[in-house]
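Close look at the chain arrangement
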Amino acid sequence: MKSVNAYVGQPIERVEDLRLLRGRGQFVDDLHFDGMLHATILRSSVPHGRLLRVDTTAATALAGVVTVVTAAEVGNPVPTIPLRLAPMAGLIPYEQPVIATGKVRYVGEPIAVVIAESAAIAEDALELITLEIEALPPCVDTRTAAANRSLLFEEMGTNLAATYTAVLGDAASAFVAATTDEFRVCRERFDTQRHTATTMETRGLIGVWDDKTQHLTVYGAAKVPFASRGILARQIGLPESSIDLIEGDVGGGFGMRGEFYPEDFLIPFAARHVNRPVKWIEDRREHLLACNHAREFDCDLELLCKRDGTILAIRGQINGNIGAYIRANATIAPRNVALCLSGPYRIPNIYIESTMLVTNKTPTGTYRGPGRFEGDFFRERLFDIAAKDLGIDPVVFRRHNLLTKDELPSKLPVLTPVPQQEELDCGDYLQTLDRCLAEFDWSGKVKLNGRLIDGRYHGIGIGCFIEGGAVGPRENARMVVEGDGSVSVYVGSAIVGQGLETVCAQIAADALEMPMEQIRIFHGSTTYVQEGFGSFASRSTVMGGSAIIATAEKLKETIRTAAALCLNCAAEDIVLEPGLAISPDGNAVRWPDLAPEHLQAAGTFSSTRRTYGYGAHAAHVSVDPGTGRVEVLDYVAVGDVGRIVNPMTLKGQIVGAIVQGLGSTFLEHLVYDQEGQLLTGSFADYLLPTASDYPNIRVYDQEEYPSSNNPLGAKGAGEGGIVPVGGVIANAIASALGVQPRSLPMSPSRVWELINC
Amino acid sequence: MNVAFAVNGGQVEVQVEPRTTLADCLRYDLRLTGTHVGCAHGVCGACTVMVDGVAVRSCLILAVQMQDATIVTIEGISNDNALTPLQAAFRKHFALQCGFCTPGILITAHALLTEEPNASEDRIRDVISGNICRCTGYIPIVEAIADARAAYQNQAGSAAP
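Residues numbered from 1 in each chain as written. Chains lettered and ligands numbered in written order. Predicted model: local features only at pLDDT ≥ 70, side-chain atom pairs only at ≥ 80, totals over all residues.

Digging into the overall build of chain A
Counting secondary structure elements, chain A contains 19 helices and 30 strands. Here the C-alpha atoms of chain A give a radius of gyration of 27 Å, agreeing with the 27 Å that 2.2 N^0.38 yields for 757 residues. Referenced to the eigenvectors of the C-alpha coordinate spread, the extents of chain A come out at roughly 80 × 75 × 50 Å. Out of the 757 residues belonging to chain A, those deemed buried represent 58%. (Helix = DSSP H or I, 4+ residues; strand = E, 2+ residues; numbered from the N terminus. Rg over C-alpha atoms; globule rule 2.2 N^0.38 Å. Buried ≥ 20, exposed ≤ 12 C-beta atoms within 10 Å, placed from the backbone.)

Quick look at the nonpolar core
All names here are of chain A. Ranked by size, the top nonpolar core spans 293 residues in total, and within it V114, I115, V489, A508, I548, I658 and I733 carry the most contacts. Among the elements that line this core, the one with the most residues is helix α16 (residues 540-567), at 12 residues. Among residues more than four places away in sequence, those in contact with I548 are A477, V489, V491, C504, I507, A508 and A511. (Core = buried A, V, L, I, M, F, W, Y, C linked by C-beta atoms within 7 Å. Contact = placed C-beta atoms within 7 Å.)

Points about the interface of chain B and chain A
Across the boundary between the two partners, chain B contributes 44 residues, which contact 42 residues of chain A. Those elements that place two or more of their residues in the side of chain B that touches chain A are α2 (85-92), α3 (102-115), α4 (121-128) and α5 (139-154) of chain B. Grouping the constituent residues of the side of chain B that touches chain A by class yields 22 nonpolar, 14 polar and 8 charged. (Nonpolar A, V, L, I, M, F, W, Y, C, P; charged D, E, K, R; others polar.)

With respect to the sheet that holds strand β29 (residues 630-640) of chain A
Here 5 strands make up an open sheet; going across it, the order is β19-β20-β28-β29-β30 (chain A) and the pairing mixed. The sheet terminates laterally at β19 (452-453) and β30 (697-702) of chain A, the two strands that pair on one side only. (Pairing = 2+ DSSP bridges.)

A look at the packing of α2(B) against α5(B)
All names here are of chain B. Where α2 meets α5, the closest approach of the two axes is 8 Å, and the angle between their N-to-C directions is 145°. Handedness of the α2/α5 crossing: right-handed. Where α2 abuts α5, its residues P85, L86, A89 and F90 lie against A144, D147, A148 and A151. Grouping the constituent residues of the contact of α2 with α5 by class yields 7 nonpolar, no polar and 1 charged. (Axes fitted to C-alpha atoms, helices over the stretch in contact; angles between N-to-C directions. Left-handed = near helix turned anticlockwise from the far one by under 90°.)

Quick word on the environment of I124(B)
Residues and elements named next belong to chain B. With respect to the helices and strands, I124 occurs in helix α4. In this structure the C-alpha to C-alpha distance between I124 and A146, which are 22 residues apart in sequence, comes to 7.5 Å. Look past the residues within four positions of I124 in its chain and what remains in contact with it is L112, A119, V142, I145 and A146.

Concerning the domain arrangement of chain A
All names here are of chain A. If you check the domain split of chain A, you get domain 1 (2-26 + 472-606), domain 2 (31-136 + 202-250 + 257-290) and domain 3 (297-417 + 425-470 + 609-756). Taken together, the 23 residues of domain 2 in the interface contact 26 residues of domain 3. The residue inventory of the side of domain 2 that touches domain 3, partitioned by class, reads 14 nonpolar, 3 polar and 6 charged. (Domains from an automatic or database assignment.)

Comments concerning the sheet that holds strand β7 (residues 160-168) of chain A
Residue and element names in this part refer to chain A. Spatially, β8-β13-β14-β15-β7-β17 is the arrangement adopted by the 6 strands of the open sheet, whose pairing is mixed. Each having just a single partner strand, β8 (183-192) and β17 (414-416) make up the two edges of the open sheet. On average, each strand axis in the sheet is inclined to that of its neighbour by 10°, with strand direction left out of account. Pairing of strand β13 (residues 297-306) with strand β14 (residues 311-323) involves 9 bridges; the strand directions are antiparallel. Opposite L303, over in β14, you have I314 as the bridge partner.

Here's the deal with the environment of P344(A)
Residues and elements named next belong to chain A. Summarising the element assignment, P344 is placed in the loop between α10 (332-339) and β15 (349-358). Residues P344 and I466 lie 122 residues apart in sequence; the distance between their C-alpha atoms is 6.0 Å. What P344 contacts, discounting residues up to four positions off in sequence, is L402, L403, Y429, C464, F465, I466 and Y614.

Points about α3(B)
Between its first and last C-alpha atoms α3(B) spans 20 Å; for 14 residues at 1.5 Å apiece the expected length is 20 Å, and the two agree. Where burial is concerned, most of α3(B) is hidden: 13 out of the 14 residues are buried. (Expected span 1.5 Å × (residues − 1).)

A look at the pairing of β13(A)
Residues and elements named next belong to chain A. Of all 10 residues in β13, 7 are buried, a share of seventy percent or more. Across 10 bridges, the pairing between β8 and β13 is antiparallel. Its bridge partner lying in β13, E188 is registered against L301. Linking β13 to β14, which pair antiparallel, is a turn of 4 residues; within it G309 sits at a positive phi near 95°.

Side note on the packing of helix α11 (residues 372-390) of chain A against helix α12 (residues 394-401) of chain A
All names here are of chain A. The N-to-C vectors of α11 and α12 enclose an angle of 110°; their axes lie 9 Å apart at closest approach. In this view, α11 runs roughly perpendicular relative to α12, as classed from their interaxial angle. Crossing angle aside, the handedness with which α11 passes α12 is right-handed. Where α11 abuts α12, its residues F383, D384 and A387 lie against P394, F397 and R398. Taken together, the residues that form the contact of α11 with α12 break down as 4 nonpolar, no polar and 2 charged. (Parallel < 35°, antiparallel > 145°, perpendicular 65-115°, else oblique.)

Quick word on unusual backbone geometry
Residue and element names in this part refer to chain A. With omega at 0°, the peptide bond leading from N76 into P77 counts as cis. With respect to the helices, strands and loops of the structure, P77 is situated in the loop between α3 (71-74) and β4 (103-104). Following T416, the chain continues to P417 via a peptide bond in cis, the omega torsion being 10°. The backbone phi angle of N148 is positive, close to 60°, even though this residue is not glycine. Inspection of the secondary structure puts N148 in the loop between α5 (142-147) and β7. Using a count of 15 C-beta atoms within 10 Å as the deciding quantity, one classes N148 as partly exposed. Although it is not a glycine, D454 adopts a positive phi angle of roughly 50°. Looking at the secondary structure, you find D454 in the loop between β19 and β20 (456-469).

Written as structure tokens, this is what we have:
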């Protein structure tokens, strides 16, 4: 049995599917508690103003309304939401209060929470709350914000919350030295549009307060339940041991779900306040207003090359429109966009400033490939423009400047003010580029560039990328031998709908050398392990999986030790088979019979070294010059992700990420007017990809360079698929039309303007 | 108001406010939580159920309109023992990740293949384009539905495979 046990690497069908396919999932809105009340939230319709008065008298008087919570009930001072990672003292004044107090700073900011016997009554009551808000001039773009004429935080004197700097070598000297005509400088301005993850399940929470035990249970957690519990405990004044966050089935995460939001305080607070269970389920309009937005960056970049195409330096400024407050992970994208701008390329001199400007829009956070999608668009567009300027083929230009496998590991720039030094670990970037070109038939298709065929212009584009994964510091697991000989595995990783249960079960079954059917995975809830770190930055498989391997070794040791006592032999002589421990003389004992209590073990995997997956994508598009509509005729993705645990869940992650990236490139846009009102508050206005939009996608995954940073050899793989899409498609459109797209999304009207204006 | 209809083969009678949608009635009054609500404005298709044999958005229809109707939800096309051929095809092709949109897509596919067991891949793609899935990129969903056609072809004429 044990020698043939090899679940890792197999396309194992998912264990999750048996319940999800039969409508038996347990999403948060599927839960019901006796005596449960319902919450709705009154949100600001004014983007910027002084909140002078909130009158809840009429709302409170409505039959069925239990109470209305405002800043006054929450208490003074109103708690704010801290940065979860890499905190910076200078950002504390920009943190979001869990409920508006003094000022409102974006449309959608919570002002009051109505608690009622039904959601419908609570919604009715919203209309009975009267507000007095003195409107102030809004800032909606980075230019207006940077002018500081209207300040979101008057006491700070500026809308510039922070500036990150990414430095490698000496870019200034490189530019100064490049005076002769053997050098070329390419200067460009690019921007990417505000959009977001838009999970199919909106957010939702249920708070349950047990007054007898003074214990708070919160359902609807995801991604980082342990971190969120810590934040809530400090805000609400309870010890962490008095709070549990419970994760059920989760309808998509993509970096957005599970971060600490105002509601993550307000709903548990309300439940304790009224001493009854309180449910809040976000509606779609509310979701588009309230969940973390992402991706709104603009930049001015200069690329210095030698005439032969050798890149010498890049410098410039990237501005992040981060919305009204610094939320729990607001700094990730502004950091990544600077840190990873050079991607898999050899750029010896780098100086990038990345600003975080507050504006009167919804606060921002991470969305799959945060900062990397944006940075890849900027870089891959800049490279195509520079190559064209130099008269060099874009593939030759990339091949010339990609880091070779012998140059790895290679340091990324140093980021300040929160110092961070990372390095690209291992791989062969040229090989994935070459394989992508071969699978795509680049040499065959390149002659289509600019050709008009049946009324459509054709073009092809290419781009390379890296994906950072396996963010530490550590992850924990615990294993328990059950009475029937099966093993329950508790992991600190969280699921967000990515099939992690299956992947963890595969890893555990291999590590314990037992059938997968005898493994049960429990994840994400604070009741399972002492401490967990969660599911972000493509870390769950690498960190959680490695923790499972560490724990399995400990459990086997525990079983051997117990069996040795029982069977009168040395622990190292015990042979383990599924559910059985066998002595050299052939006596066997069942694992559950080895101890009166369940045998168990706990283990940890720690790592501070990130993994970097990588690859190349190519696209073939046709453009209708009459309408500006772009069709994706072929899309090829080649990626090396280190050890592949489940090729089917991996492929699913990558195809799904590419289609999300195509949505980012063509469709998805959270549009605001100049007054700071969101114009795209429904799925009729905020367009998502559908089944007929992008059917032509080919994915080739490989595992040539397993990571040496973890026992699995895995690298994170949940995000890489989305990273290069914008740049690749825009490059293909440029090749088709002989124009230079500099902005996303490439909507029909934008493309039409490129052709005709 | 009182309204009586058939759900998944059983007769029910519920008391609802006139403004209660069919989706909310199914989920909260009848506790049939397999039907999910993704947008509540008729775009995403997660709440799709069959009413009198036709796939409809249960968020855009009121419960009180359901008098004497016959409704089938995801629970009604599922068995305790095994996955149906359509569900098994979804599992085999990894046509779901988070699973939130899946019940609506299964109902849409079931309605399609019941009527058109020979539907082409283009036809499948067209019909499924009324359901939004954020995880899979749709390609495996179309493959799964195409794979499930055989089961419906074999049982053409009967209600469910």
